[in-house]
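Results of the structural survey
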Amino acid sequence: MIKQIGADKTVRDSQFELLRILAMLMIVASHAAQHSLAGDFSLLVQPMGVNTAATYLMGSYGQLGVCLFVIISSWFLCGKSGIRAEKIVRLYAQTMLYSLAIFAFVKIGGFEPVGIKELAKAALTPVWGGYWFIRTYLLFYITVPFLQQYVQGADERTHGRLALVLVAAIPTLHFFFPTGGEFGLVGDFVCMFVAVSYLKRREGNFLERHCLAVFVGLLVLMQAALFAVHFLCGTFGIGTELEKRILLHIYASRHIFVMTLAMSLFYVFKRYVRVGRSRLVNAIAGTTFGVYILHENPLFHAYGENGLSETSLLFERWLHVGAHAEGDAFYPLYFAACVIGVFAVCSAVEFLRQALCRAAKSLLRR
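Residues numbered from 1 in each chain as written. Predicted model: local features only at pLDDT ≥ 70, side-chain atom pairs only at ≥ 80, totals over all residues. Heavy atoms only, no water.

This part is about the overall build of the protein. Helix and strand counts for the protein stand at 17 helices and zero strands. The C-alpha radius of gyration of the protein comes to 21 Å, within 12% of the 21 Å expected for a compact globule of 366 residues. Projected onto the principal axes, the alpha-carbon positions of the protein cover approximately 65 × 60 × 40 Å. Of all 366 residues assigned to the protein, the portion counted as buried reaches 49%. At a minimum sequence separation of 6, the contacts of the protein that also span at least 24 residues come to 82%. Surface summary for the protein: the accessible area is close to 17,400 Å², and the carbon and sulfur share equals 68%. (Helix = DSSP H or I, 4+ residues; strand = E, 2+ residues; numbered from the N terminus. Rg over C-alpha atoms; globule rule 2.2 N^0.38 Å. Buried < 20%, exposed > 50% of the residue type's maximum accessible area, 1.4 Å probe, protein only. Contact = heavy atoms within 4.5 Å. Areas by Shrake-Rupley, 256 points an atom, 1.4 Å probe, with all protein chains shown as cover.)

The next subject is the packing of aromatic side chains. Both the distance between ring centres and the angle between the ring planes are used here to describe each pair of aromatic rings. Taken as a whole, this structure holds 28 aromatic pairs when the rule is applied. Taking 5.1 Å as the distance between ring centres and 85 degrees as the angle between the ring planes, the aromatic pair formed by Phe-111 and Trp-318 counts as edge-to-face. Of this pair, Phe-111 sits in the loop between helix H4 (85-109) and helix H5 (116-124) while Trp-318 sits in helix H15 (residues 313-318), and the two are 207 residues apart along the sequence. Overall, Trp-318 belongs to the partly exposed group, its relative accessible area being 33%. Grouped by ring-pair contacts, the aromatic residues Phe-69, Tyr-131, Trp-132, Phe-133, Tyr-137, Phe-140, Tyr-141, Phe-189, Phe-193, Phe-289 and Tyr-292 constitute a single cluster. (Phe/Tyr/Trp six-rings, centres within 6.5 Å; stacked < 30°, edge-to-face > 60°.)

For the rest of this paragraph, the subject is the packing of helix H2 (residues 50-59) against helix H17 (residues 331-365). Where H2 contacts H17, the axes come no closer than 9 Å and their chain directions differ by 30 degrees. The orientation of H2 with respect to H17, classified from their angle, is roughly parallel. Regarding H2 and H17, the two cross each other, and that crossing is right-handed. Contact residues: Val-50, Asn-51, Ala-54, Thr-55, Met-58 and Gly-59 in H2; Tyr-331, Pro-332, Phe-335 and Ala-336 in H17. For the contact of H2 with H17, a count of residues per class yields seven nonpolar, three polar and no charged. (Axes fitted to C-alpha atoms, helices over the stretch in contact; angles between N-to-C directions. Parallel < 35°, antiparallel > 145°, perpendicular 65-115°, else oblique. Left-handed = near helix turned anticlockwise from the far one by under 90°. Nonpolar A, V, L, I, M, F, W, Y, C, P; charged D, E, K, R; others polar.)

Right, let's talk about helix H11 (residues 240-251) for a bit. Taking 1.5 Å per residue as the helical rise, H11 with its twelve residues ought to reach 16 Å, and the 17 Å between its terminal C-alpha atoms agrees with that figure. Inspection of H11 places Glu-243, Lys-244, Leu-247, Leu-248, His-249, Ile-250 and Tyr-251 among the buried residues, and these make up the whole buried set. Buried positions along H11 lie against H2, helix H3 (62-77), helix H7 (156-176), helix H10 (211-235) and helix H12 (256-272). (Expected span 1.5 Å × (residues − 1).)

Moving on: a nonpolar patch on the surface. Taken together, the side chains of Phe-231, Leu-232, Phe-236, Ile-238, Leu-242 and Ile-246 present a nonpolar region at the surface, about 580 Å² in accessible area. Along the chain, Leu-232 falls in helix H10. (Patch = residues over 30% accessible without salt bridge, like charges linked within 9 Å, V, L, I, M, F, W, Y side chains within 5 Å. Salt bridge = Lys/Arg side-chain N within 4 Å of Asp/Glu carboxyl O.)

Time to look at the confidence of the model for the protein. For any part of a model where pLDDT is low, the fine detail of the predicted coordinates should not be relied upon. For the protein, per-residue confidence averages 91 on the pLDDT scale, and 95% of positions sit at 70 or higher. In this model residues 1-10 is a low-confidence stretch, pLDDT under 50, and it forms 22 contacts with partners more than four residues away in sequence or in other chains. (pLDDT = per-residue confidence, 0-100.)

Before going further, it helps to examine the side chain of Glu-316. With respect to the helices, strands and loops of the structure, Glu-316 is situated in helix H15. One buried charge, Glu-316, has no salt-bridge partner; the nearest side chain with opposite charge is Arg-317, at 9.4 Å. When neighbours within four sequence positions are excluded, Glu-316 is seen to be in contact with His-35, Ser-36, Leu-37, Thr-311, Val-321, Gly-322 and Ala-323. (Lys, Arg positive; Asp, Glu negative; His and termini not counted.)

This is the structure:
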């Protein structure tokens, strides 16, 4: 007998929206670590000390945040039928318009010597240049109706077999053989959708029952691995590029341990976080795509491309995160304040955009 996946509530409880906010804070913190100093996560390979440890503890969860976004979306989408076409148009238009606005801001302010090439990239965003997550999410979203038909029509055993094959072939294999993979970025998202939909139909599964222990255990293990790699590389004089590659593989890739960590944290929020239905939380969570698009614009992190600056405009030249990391005793607090501040400013801008869109729609209806 086919077991149907339960229907979702029209209005979501806010614990998942709170998790969405936390996931975006993880992503912003990861980008702060990635784009400071000379960029390319150079903060992670500084001499060990309190400030480097703080960067590890706060700035190494970017892909965990990405996985959480996909898991939350998959949890609600897998029980529905079809997708909203207007969401594709809206997200694409939002990305392109923000890119054009940031181009104008950078050009008028004289912050970067931008020209016709950067204008063309902004006009064609997210198809051309930057925003890998937006492109991948849109491609994944288009495949969702086909995935919905499969997971809702397959019996539990067949569904579980496919989930097992995908998990073994993509995130597990990726951990032992860290390459780009044959299935690409969309494959990671599809794998998570199939796995999440299977776990959802098996309510009370092992991971759900032991989510807190799994989350804490994996978190401690992976952070310990970061510090151990840093210590061993420094002790044996291993080059910084190899050290960085190993460190990034631990947290900055979507392998099996990061995906499991994300799923266990999702279950922690599902089981233990009770915030009811908060309009404020839901409203802030509704700005997270805007926060991502604004703070991760390619012009804010150009790295010398086409004659642009070698250092990040946002996190290094404006916020000086790297400079504070080199000798500021209050760097951990400063790093956290920068992350929260960037999120808050970008969220406020997105609130304003949403309000203007609502006002424009209201005028058009009259």
